[in-house]
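# Reading the structure
Here's the letter readout for the chains.
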Amino acid sequence: MSVYIPVVLFFIALTAVLFLTASDRAMQIRTAQEFGGRIARLRPKDLFGYLTPVRIIGWLLILFSVLFFVHYQMVKKQIEALMVEKEYELTVGTIAIPFGAMFRNEFVVESGFSRRKRRERADVQVTGNIISGIRISMEDINLAKLSTLTGKAFVFNYLSDVKVLKPAIKKYMKRTINSKQITHFEIETFDNRGPYILVVLGKRYRKGDLDGYAEKIAKGLFKYLTGSAKLQVNQVVIKAIDPARYERSKKIKVIARGQAGSY
């Protein structure tokens, strides 16, 4: 709940500033005083009379600002939680969020970290949104950079050779095709944590909790690679793509994402 307190205060302050700088304050006061009596006999033309283009733009700006501020606070809280999880006693400073980030499901923010008088900036990967929940992760190279602030040594987790991982991944993903969980897959890339795989979900998995279906596939693949195949990966990322768009033009639009492992 504490994340919403500054949001509410920000909203109140922004509304107050807009009111104090408005040229028609007297009319707004009279309108507010009469609102209680008029609400019972409100007519459509009264509503259209109030919703002038200037007021509509003003309220849209307020809504955009509030959404951006909520997103900013939620991302910052998640980064602070990650620092606690990693046992990094660092203070999270300002973070640079892309314009319109609240309308995107995946983006990177640059965050400031400090300890005593030492400061460092590092990239943080953000997925999800306000409704589905925000998840963050950091690459090992950035965690190693932050470890210099704490005085701790950072140990990189290495992957098995990609030449060994690829056939194992393809073997498991073909099983998901046979079980009709997906209709298509391709390995997008690898980073120092593990593979990123694009999939087209099967027809019965194209409605409902898409992130949940993608996460289920990711967990299955991660368990297979680290268990039965006895290979080393730190995480698996499954990206579900828009089936209609892919089947029509082979273009890729990510609509859901699932992760498994340590990230």
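The structure under discussion appears in the preceding block.
Bear in mind the structure is a predicted one, so any value in this text is a computation, not a measurement.

### Here we look at the overall build of the chain
Helix and strand content of the chain: eight helices and eight strands. Taking the intrachain contacts of the chain between residues at least 6 apart in sequence as the baseline, contacts between residues at least 24 apart amount to 53%. Roughly 15900 Å² of accessible area belongs to the chain as shown, and the carbon and sulfur atoms make up 59% of that amount.

### So, the pairing of strand β4 (residues 133–137)
The sheet contact formed by strand β3 (residues 118–129) and β4 spans five bridges and is antiparallel. Among the inter-strand pairings, G128 is bridged to a residue of β4, identified as I134. In this structure, the hairpin formed by β3 and β4 is closed by a connection of three residues.

### A closer look at the sheet that holds β4
In spatial order, the strands read β1-β2-β3-β4; together these four strands make up an open sheet with antiparallel pairing. Single-partner strands in this sheet number two, and they are β1 (91–96) and β4. Neighbouring strand axes in the sheet, compared pairwise and without regard to direction, differ in orientation by 35° on average. Contacts between helix α5 (residues 140–150) and the sheet are confined to β2 (106–115) and β3, with β3 contributing the most and set at about 140° to the helix.

### What to know about the sheet that holds strand β8 (residues 254–261)
One key point about sheets: their strands pair by backbone hydrogen bonds, in either a parallel or an antiparallel sense. Pairing within the open sheet is mixed, and its four strands lie in the order β5-β6-β7-β8. Looking at the sheet topology across the chains shown, the edges are occupied by β5 (182–190) and β8. The mean inter-strand angle of the sheet, taken between neighbouring strand axes irrespective of direction, is 20°. In this structure, β5 lies alongside strand β6 (residues 195–201), joined through seven bridges in antiparallel fashion. Its bridge partner being in β6, H184 is matched across the sheet by V200. Of the strands in this sheet, β5 and β6 are in contact with helix α6 (residues 162–178), which crosses β5 at around 160°. On the sheet, helix α7 (residues 210–228) packs against β5, β6, β7 (235–241) and β8 and is oriented at approximately 35° with respect to β8.

### Regarding the pairing of β2
Bridge analysis of β1 against β2 gives four bridges, and the strand direction is antiparallel. The partner of I95 across the bridge, within β2, is S111. Of the pairings in the sheet, the one linking β2 to β3 comprises ten bridges and is antiparallel in character. When the sheet's bridge partners are listed, R115 is paired in β3 with R118. Connecting β2 to the next strand, β3, in antiparallel fashion are two residues, including R116 with a positive phi near 55°.

### Remarks on the nonpolar core
Within soluble globular proteins, side chains that are nonpolar generally end up buried alongside one another. Ranked by internal contacts, the top residues of the largest apolar core, which has 27 residues, are I79, M83, F113 and L146. With nine residues, the single largest contributor to this core is helix α4 (residues 53–85). Look past the residues within four positions of I79 in its chain and what remains in contact with it is V92, I95, V109, S111, F113, V124 and I136. Formed by 25 residues, the second largest nonpolar core is a distinct cluster that contains A168, Y172, Y205 and L225.

### Here's the deal with α6
In this model α6 runs 24 Å from its N-terminal to its C-terminal C-alpha over 17 residues, within 8% of the 24 Å that 1.5 Å per residue would give. Considered for burial, the residues of α6 that qualify are L165, A168, I169, Y172, M173 and T176. For α6, the buried positions fall inside an angular range of 130° around the axis, keeping them on one side. In α6, the exposed positions angled more than 90 degrees off the buried face are occupied by K163, K174 and N178. Its buried side turned inward, α6 meets β5, β6 and α7. Taken from the residues just after α6, K180 is the one with a positive phi, measuring 65°.

### Some thoughts on the environment of P195
With respect to the element layout, P195 can be found in strand β6. Residues P195 and V236 lie 41 residues apart in sequence; the distance between their C-alpha atoms is 5.5 Å. If we ignore the near neighbours within four places in the chain, the residues touching P195 are I169, T189, F190, V233, Q235, V236 and V237.

### Let's talk about the packing of aromatic side chains
Here the structure, examined in full by the defined rule, presents four aromatic pairs. On the basis of an interplanar angle of 40° and a centroid distance of 5.2 Å, the ring pair of F64 and F99 is categorised as tilted. Taken as a pair, F64 in helix α4 and F99 in the loop between β1 and β2 lie far apart in primary sequence, 35 residues in all. Residue F64 is classed as partly exposed on the basis of its relative accessible area, which comes to 26%. Taking 5.1 Å as the distance between ring centres and 80° as the angle between the ring planes, the aromatic pair formed by Y205 and Y213 counts as edge-to-face. Residue class for Y205 comes out buried when judged on its relative accessible area of 15%. Each residue in the set F64, F99 and F103 is aromatic and connected to the rest through ring pairs, giving one cluster.

So, how was this worked out
- Residues numbered from 1 in each chain as written.
- Predicted model: local features only at pLDDT ≥ 70, side-chain atom pairs only at ≥ 80, totals over all residues.
- Heavy atoms only, no water.
- Helix = DSSP H or I, 4+ residues; strand = E, 2+ residues; numbered from the N terminus.
- Contact = heavy atoms within 4.5 Å.
- Areas by Shrake-Rupley, 256 points an atom, 1.4 Å probe, with all protein chains shown as cover.
- Pairing = 2+ DSSP bridges.
- Axes fitted to C-alpha atoms, helices over the stretch in contact; angles between N-to-C directions.
- Core = buried A, V, L, I, M, F, W, Y, C linked by side-chain atoms within 4.5 Å.
- Buried < 20%, exposed > 50% of the residue type's maximum accessible area, 1.4 Å probe, protein only.
- Expected span 1.5 Å × (residues − 1).
- Arc of directions from axis to C-beta.
- Phe/Tyr/Trp six-rings, centres within 6.5 Å; stacked < 30°, edge-to-face > 60°.

Fair warning: the whole summary comes from geometry, so function is off the table for now.
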